[in-house]
Amino acid sequence: MYPYYETDWSVLPPEANRRFNPAFNMATIKQVVNEAIERVRMPTPMRLRDLIRQIRAARTAAEERSVVNKECAYIRSTFREEDSVWRCRNIAKLLYIHMLGYPAHFGQLECLKLIASSRFTDKRIGYLGAMLLLDERQDVHLLITNCLKNDLNSATQFVVGLALCTLGAIASPEMARDLAGEIERLMKSPNAYIRKKAALCAFRIIKRVPELMEIFLPATRSLLSEKNHGVLITGVTLITEMCENSPDTLNHFKKIVPNLVRILKNLILAGYSPEHDVSGVSDPFLQVKILKLLRVLGINDADASEAMNDILAQVATNTETSKNVGNTILYETVLSIMDIKSESGLRVLAVNILGRFLLNNDKNIRYVALNTLLRTVHVDTSAVQRHRTTILECLKDPDVSIRKRAMELSFALVNSQNIRTMMKELLTFLEKTDPEFKAQCSSSIVMAAEKYAPNKRWHLDTLLKVLIAAGNYVRDDVITSTIQLISESTSQQAYVSLQLYKALSEDLFNKQPLTQVAVWAIGEFGDLLLQASPDEDNIVVPPTEEEVIDVYQKLLWSPQNTVMTKQYTLMSLTKLSTRFNNTNNKIQQIISSFCSSLHVELQQRGVEYSQLFGKYSHLRSALLERMPPMELTRSQSANQTNGDASDSEPRSNEDSPQHTVNSESNTLLDLLGGIDSSTDLDVIKMNSQPVAPPISNANNQDLLDLLGLGPISSSPTTDAGGNNIGLIMENNNSNILINNQNSNFLSGDLFGDSNTSKERNVPTLTAYDKDGLKIVFSLDKTADSTLSVTVNTTNYTLSTMTDYIFQVAVPRTFQLQMLSPSGTVLEPNGHVTQDLRVTNPSRNTLRMKVRLSYLIDGNPVQDQIEVNNFPADIWD
């Protein structure tokens, strides 16, 4: 109808390429004409697709940088010339350059100019640039607030949506406070698109500024009555975030549990809906969000849990498992069942679902199942035990992450009923597994055997198999535990010495921990080794003295053995000189050869031990006396079982010395750091031996010459306070002691007046006990208004906790001083201590906020608690 305008205006941009409208005023026409002239005058810049094609065609990184730098230079020149015609295209290219990792900050102001434009295409690129190039650290960030406020009031829903997306992405606390009212207004908009975007923006604002939560509460409740699934899912997400951040809000929303149950039930029973159906499941995304919110609302709430038990059972039984969508819903259902106060039958159903996941061909689903079982095994251990065979099969999975989780779960399932079966499978796994697993697996096997071993012979055989299978990947704690067990198993020492000799003679160089344990045992019990009875199959027969010395000679001269192993071997060889009768000359020659060793430690031992064969040979038998049995005071938790405790088999205590805790051991614990005897700590203490009469002064003097000490008098020394101080020389032989009846090393004579060192009862307070981590406060008032708090953190899990951080806050009326912790790594059954000093001038009631964080199995854990149960009389 208007051919003139069609052909003549076709050079204009699309938004101006329209039929002539008499409603256009002259200003609009003039603007369009000027832009058309500007487009003709300015050279046309490269299109985005051409830039991408050029960059992809670059053969080297230098060629790519050349293309990018050339284009950035051109874009800068257009910015200086205020080229408004091609600004949108240039910013689009700049964003692509930014995505490649090149600097693009010089385009920030141009993004603001695009945002201020009236065109939607300009606004879209401008807001995208703002989300990518701006953050709250930039000063330009403050200039965008006014533009956002104007666009939030736009009549076009898509412009409002752009502003809401940008605000949610880059909002600073100040910007969030300025525009929170606008967001709350838009959440009540009649337009479902805007309500959905506004709810998502409110979610991001609450994460950034939690105190703004109250503004959105009235509008949020109405979102649950929406028919639009998009608005409904954003409303559920927003409520979940609010409940996780505020206990008051959590209590406020617990009344909506029936509404959520009704929505979830309608989704399950709903027929086919093309717009919501995913692989035959009605809106699985909304179902997952609702299940997560139900889990948050049902934790530690019996009434809310009761209201959702039926619907959770319905979802668990009616969801199709042939597709991944159904598995996702079932996984979320299992998490909800395990976290709330659900019925026992429902928990068994949840564990059975995870058991089915373990049989799935998808390794991701198997990993998720193992991870979830590991988190829930302590909730219902007996239900998980039914799937033990399947879990053990996962130890053979080719995927390394699945094997790791299966190993951790297997150790969590060990109890006194299945210890033999589980250890057999885990030892097989230890032999064939990757080196990265051997250290953790060997330590866990040792801990499990310590707790549930049926008898000493089995326990020793298990530790020996660990040393053989793990090789050089054994941790030091395994070596220590094995030596302790051999020392206290008096009737098994000949047997274990023979078995260790057999293992040592078969592999002399590749297993340093095994070598160290073997030479320790042979050195201590060499006489028993020669008299040991052959095993049942007569495969291992006791060696002769010459055979043992030949093995030792190979160990000492092997370049593959470490210096530490050779130190063990030299000490053991020296002890064998008092156990063997016919090889002393050869032993002396071997030890003397190390007097000129290049290693200082070996040379020092060679020189010192050689003295025992010459001038001081009369002291050798006494100095190298067999060590008394070392006791291991085991914690009471060793009697606990993973599963049925009623049928647990009692641990045999044959050959174990009496485990007693007396006042001296308590005093020693206090001396070592005030550790409470009730804590789960293994304490090594020597059997009490009768004190022999004092030996002659001549022998004393010889011994002191050997140790490098000057001559002393055998009479007691008197300090300035008149207290007698006896000289105590600690040695394996209890006969070598300068005795003093009046001295008491542990109870006070060494440190001052014994009347002032009475044992104090320090009050303790359990501040935290969750997920295997326990924190105990030991309180000690050191001054009139100062309280010393010793924080003792213990890891009761089977995994190592790393990057452990403990933070404390007190009210302003208190003064807090925190000393450095003893470490940041918590091994299984390990401890970390830290001292706090709290000064209370006003003598107010003490309250503490505690925040702790750590990494366990690669997963970050963070928690925050308030400790307000300090004794009221602590300041009296």
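Above this text you will find the structure in question.
Residues numbered from 1 in each chain as written. Predicted model: local features only at pLDDT ≥ 70, side-chain atom pairs only at ≥ 80, totals over all residues. Heavy atoms only, no water.

A. Here's a closer look at the overall build of the protein. A tally of regular secondary structure across the protein gives 37 helices and 14 strands. Of all 876 residues assigned to the protein, the portion counted as buried reaches 47%. If you take every contact in the protein between residues at least 6 apart in sequence, the share linking residues at least 24 apart comes to 67%. Here the protein displays about 44,300 Å² of accessible surface, and carbon together with sulfur accounts for 49% of that area. (Helix = DSSP H or I, 4+ residues; strand = E, 2+ residues; numbered from the N terminus. Buried < 20%, exposed > 50% of the residue type's maximum accessible area, 1.4 Å probe, protein only. Contact = heavy atoms within 4.5 Å. Areas by Shrake-Rupley, 256 points an atom, 1.4 Å probe, with all protein chains shown as cover.)

B. Quick look at helix H9 (residues 157-170). In a regular helix each residue adds 1.5 Å, so 14 residues correspond to 20 Å; H9 covers 20 Å between its end C-alpha atoms and thus fits that length. At its buried positions, H9 is contacted by helix H7 (120-133), helix H8 (144-152), helix H10 (173-186) and helix H11 (192-208). (Expected span 1.5 Å × (residues − 1).)

C. Examining the sheet that holds strand S11 (residues 815-818) more closely. On the basis of which strands lie adjacent, the open sheet formed by five strands has the order S7-S8-S9-S12-S11 and antiparallel pairing. One side of each edge strand has no neighbouring strand; the edge strands of this open sheet are strand S7 (764-770) and S11. Direction aside, the axes of adjacent strands within the sheet are offset by 20 degrees on average. Strand direction decides the pairing type here: S7 and strand S8 (residues 773-781), joined by six bridges, are antiparallel. Bridge pairing links lysine 770 to leucine 773 in S8. (Pairing = 2+ DSSP bridges. Axes fitted to C-alpha atoms, helices over the stretch in contact; angles between N-to-C directions.)

D. Structural detail: H11. The terminal C-alpha atoms of H11, which comprises 17 residues, lie 25 Å apart, in line with the 24 Å expected from a rise of 1.5 Å per residue. The set of residues buried in H11 consists of Ile194, Arg195, Ala198, Ala199, Cys201, Ala202, Phe203, Ile205 and Ile206. Residues of H11 that are buried make contact with H9, H10, helix H12 (213-222) and helix H13 (229-245). Among the residues of H11, the N-terminal cap falls to asparagine 191, whose side-chain oxygen and the backbone nitrogen of tyrosine 193 are separated by 2.9 Å. (Polar contact = N/O pair within 3.5 Å; in protein donor to acceptor, adjacent residues only side chain to side chain.)

E. Inspection of the sheet that holds strand S14 (residues 859-867) at higher detail. Read across the sheet, three strands follow the order S10-S13-S14 without closing on themselves; strand pairing throughout is antiparallel. Each edge of the open sheet is held by one strand with a lone partner, namely strand S10 (801-809) and S14. Strand-to-strand, the axes of this sheet are offset by a mean angle of 10 degrees, without reference to chain direction. Relative to S14, strand S13 (residues 848-856) is paired through nine bridges, and the arrangement is antiparallel. Looking across to S14, one finds that isoleucine 856 is bridged to asparagine 859.

F. Inspection of the pattern of salt bridges at higher detail. Summed over all chains, the structure comprises 28 salt bridges. For the salt bridge of glutamate 408 with lysine 404, the shortest nitrogen-to-oxygen distance reads 2.9 Å. Here glutamate 408 pairs with lysine 404, and both are found in helix H23 (residues 400-413), just four residues apart, close to one helical turn. Look at glutamate 408 and you get buried, because its relative accessible area is 6%. Here lysine 575 makes a salt bridge to glutamate 524, at a shortest N to O gap of 2.1 Å. One end of the pair, lysine 575, is in helix H32 (residues 563-579); the other, glutamate 524, is in helix H29 (residues 512-524), and 51 residues separate them in sequence. Of the two residues, lysine 575 and glutamate 524, both sit in the buried class. Through salt bridges with shared partners, a single network forms among Arg47, Asp50 and Arg53. (Salt bridge = Lys/Arg side-chain N within 4 Å of Asp/Glu carboxyl O.)

G. Here's a closer look at a nonpolar patch on the surface. Together, Met99, Leu128 and Leu132 make up an exposed nonpolar region whose accessible area comes to about 290 Å². On the secondary structure map, leucine 132 appears in helix H7. On the accessibility criterion, leucine 132 (36% relative accessible area) is partly exposed. (Patch = residues over 30% accessible without salt bridge, like charges linked within 9 Å, V, L, I, M, F, W, Y side chains within 5 Å.)

H. Highlighting the packing of helix H28 (residues 493-506) against H29. Two numbers describe how H28 lies on H29: the axes approach to 9 Å, and their chain directions differ by 135 degrees. As judged from the angle between their axes, H28 and H29 are oblique. Read as a crossing pair, H28 and H29 show a hand that is left-handed. For the pair H28 and H29, contact is made by Ser497, Leu500, Tyr501, Ala503 and Leu504 and by Leu514, Thr515, Val517, Ala518, Val519, Ala521 and Ile522, respectively. Looking at the contact of H28 with H29 residue by residue, the classes come out as ten nonpolar, two polar and no charged. (Parallel < 35°, antiparallel > 145°, perpendicular 65-115°, else oblique. Left-handed = near helix turned anticlockwise from the far one by under 90°. Nonpolar A, V, L, I, M, F, W, Y, C, P; charged D, E, K, R; others polar.)

I. View of the pairing of S13. Note that S10 and S13 share seven bridges and pair antiparallel. Across the sheet, threonine 802 pairs through a bridge with leucine 855, a residue of S13.

J. View of the pairing of strand S9 (residues 786-795). Most of S9 sits out of view: nine of its ten residues are buried. Bridge analysis of S8 against S9 gives nine bridges, and the strand direction is antiparallel. Bridging across to S9, serine 778 finds its partner in threonine 790. Linking S8 back to S9 in an antiparallel pair, the connection comprises four residues. Direction of pairing for S9 relative to strand S12 (residues 831-839): antiparallel, over a ladder of nine bridges. Paired with valine 791 across the strands is glutamine 834, a residue of S12.

K. Representation of unusual backbone geometry. Backbone geometry places asparagine 300, a non-glycine residue, at a positive phi of 60 degrees. On the basis of relative accessibility, which here comes to 64%, the residue asparagine 300 falls in the exposed class. In this structure, aspartate 771 is a non-glycine residue whose phi angle is positive, near 55 degrees. Of note, aspartate 771 is situated in the loop between S7 and S8.

L. How the structure looks around the nonpolar core. Grouped together as the largest cluster of nonpolar side chains are 169 residues, with contacts concentrated most on Ile183 and Phe216. Counting residues in each nonpolar core, the second largest holds 29 residues, with Leu787, Met801, Leu846 and Val867 among its members. (Core = buried A, V, L, I, M, F, W, Y, C linked by side-chain atoms within 4.5 Å.)

M. Local environment of the environment of threonine 249. Turning to its location among the elements, threonine 249 is positioned in helix H14 (residues 247-253). Note on threonine 249: relative accessible area 5%, which makes it buried. In the structure, threonine 249 is positioned 32 residues away from leucine 217 in sequence and 8.6 Å away in space, judged by C-alpha atoms. Sequence-distant contacts of threonine 249, that is, excluding residues within four places in its chain, are made with Met213, Leu217, Met242 and Cys243. For threonine 249, the side chain forms a polar contact with the side chain of serine 246, separated by 3.0 Å.

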